[in-house]
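What follows is each chain in one-letter form.
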Amino acid sequence: MCEVNTRLMELIACAPWREAVTYRDTWPHEYVLTEKDKQRELLDAICNRFRAGEGVDCRFFQMNNVYLFVGDHKYWLMTDYNEIDPYSDEGDYVINRARLYRDRRDFVIQPGDSGKHENYPANPAHRNQYADR
């Protein structure tokens, strides 16, 4: 297992992460494109972690998604990992990541929360507190 973890960390460190400028002021994060950035191996490693049950079901506003927490970042895909063949020539998949801040483990959005460290709510939401929003 250590070799698997080490390899994933190496792939993450070598990926050419770029800022998602569209969300710079609302929910800062980074991304890579699997085909354009030659990140098929990283996609495969992340999908394997999801398939091994390491993903966490969370919500981002109205969207449900699965997130992988590695180091000081959370990672997610725009396509369901069960529908992805990482080595197929079809599709250029997006791998996203956002830095974790404080002890937050999900994307519970509450009033005044921008996703930026300096705007972190004084009283963080519990995971299901805002489930009906």
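Since we're looking at a predicted model, the values are computed, not measured.

*Asks:* Would you mind going over the overall build of the protein chain in detail, with residue names and values included?
*Replies:* Scanning the protein chain from terminus to terminus reveals two helices and six strands. Helices and strands appear in the protein chain in the N-to-C order α-β-β-α-β-β-β-β. Counting every position in the protein chain, which comprises 133 residues, the buried fraction comes to 44%. For the protein chain, the accessible surface area stands at approximately 8100 Å², while carbon and sulfur atoms represent 48% of it.

*Asks:* Explain the packing of aromatic side chains to me, using residue names and the numbers behind them.
*Replies:* In the structure shown here, the tally under the stated rule is three aromatic pairs. An angle of 55 degrees between the planes, with centres 5.8 Å apart, marks the rings of Trp 17 and Tyr 75 as tilted. Taken together, the residues Trp 17 in the loop between helix 1 (2-14) and strand 1 (18-19) and Tyr 75 in strand 5 (residues 73-77) connect sequence positions 58 residues apart. Taken individually, Trp 17 and Tyr 75 each receive the classification buried, so the pair is uniform in this respect.

*Asks:* Describe the sheet that holds strand 2 (residues 30-33), listing the residues and the values that go with them.
*Replies:* The strand order 1-2-6-5-4-3 describes an open sheet built from six strands, whose pairing is antiparallel. Taken across any chain shown, the strands that pair with only one partner, and hence form the sheet edges, are strand 1 and strand 3 (56-60).

*Asks:* Give me the lowdown on the environment of Leu 42, citing residues and values where you can.
*Replies:* Looking at the secondary structure, you find Leu 42 in helix 2 (residues 40-51). A sequence separation of 33 residues divides Leu 42 from Met 9, and the C-alpha atoms of the two residues are 9.5 Å apart. Every residue in contact with Leu 42, bar those within four places of it in the chain, is listed here: Leu 8, Leu 11, Ile 12, Ala 15, Trp 17, Val 32 and Ile 95.

*Asks:* Please set out unusual backbone geometry residue by residue, giving values where relevant.
*Replies:* Negative phi characterises most residues that are not glycine, and trans characterises most peptide bonds. Phi at Lys 38 takes a positive value of approximately 55 degrees, unusual for a residue other than glycine. Residue placement: Lys 38 occurs in the loop between strand 2 and helix 2.

*Asks:* I'd like a description of the nonpolar core, backed by residues and values.
*Replies:* By size, the foremost hydrophobic cluster in this structure holds 21 residues, and its most contacted members are Trp 17, Leu 42, Ile 46, Leu 77 and Ile 95. Mapped by element, the contributors of at least two residues to this core are helix 1, helix 2, strand 4 (63-70) and strand 5. With six residues, the single largest contributor to this core is helix 2. Among the nonpolar cores identified, the runner-up in size contains seven residues, and Val 56, Cys 58, Tyr 67 and Leu 100 belong to it.

*Asks:* Residue-level account of the side chain of Gln 39, with values.
*Replies:* If you trace the backbone, Gln 39 turns up in the loop between strand 2 and helix 2. Not counting chain neighbours up to four residues away, the residues in contact with Gln 39 comprise Leu 11, Ala 15, Pro 16, Val 32, Leu 33, Thr 34 and Ile 95.

Here is what the cut-offs are and how they apply
- Residues numbered from 1 in each chain as written.
- Predicted model: local features only at pLDDT ≥ 70, side-chain atom pairs only at ≥ 80, totals over all residues.
- Heavy atoms only, no water.
- Helix = DSSP H or I, 4+ residues; strand = E, 2+ residues; numbered from the N terminus.
- Buried < 20%, exposed > 50% of the residue type's maximum accessible area, 1.4 Å probe, protein only.
- Areas by Shrake-Rupley, 256 points an atom, 1.4 Å probe, with all protein chains shown as cover.
- Phe/Tyr/Trp six-rings, centres within 6.5 Å; stacked < 30°, edge-to-face > 60°.
- Pairing = 2+ DSSP bridges.
- Contact = heavy atoms within 4.5 Å.
- Core = buried A, V, L, I, M, F, W, Y, C linked by side-chain atoms within 4.5 Å.

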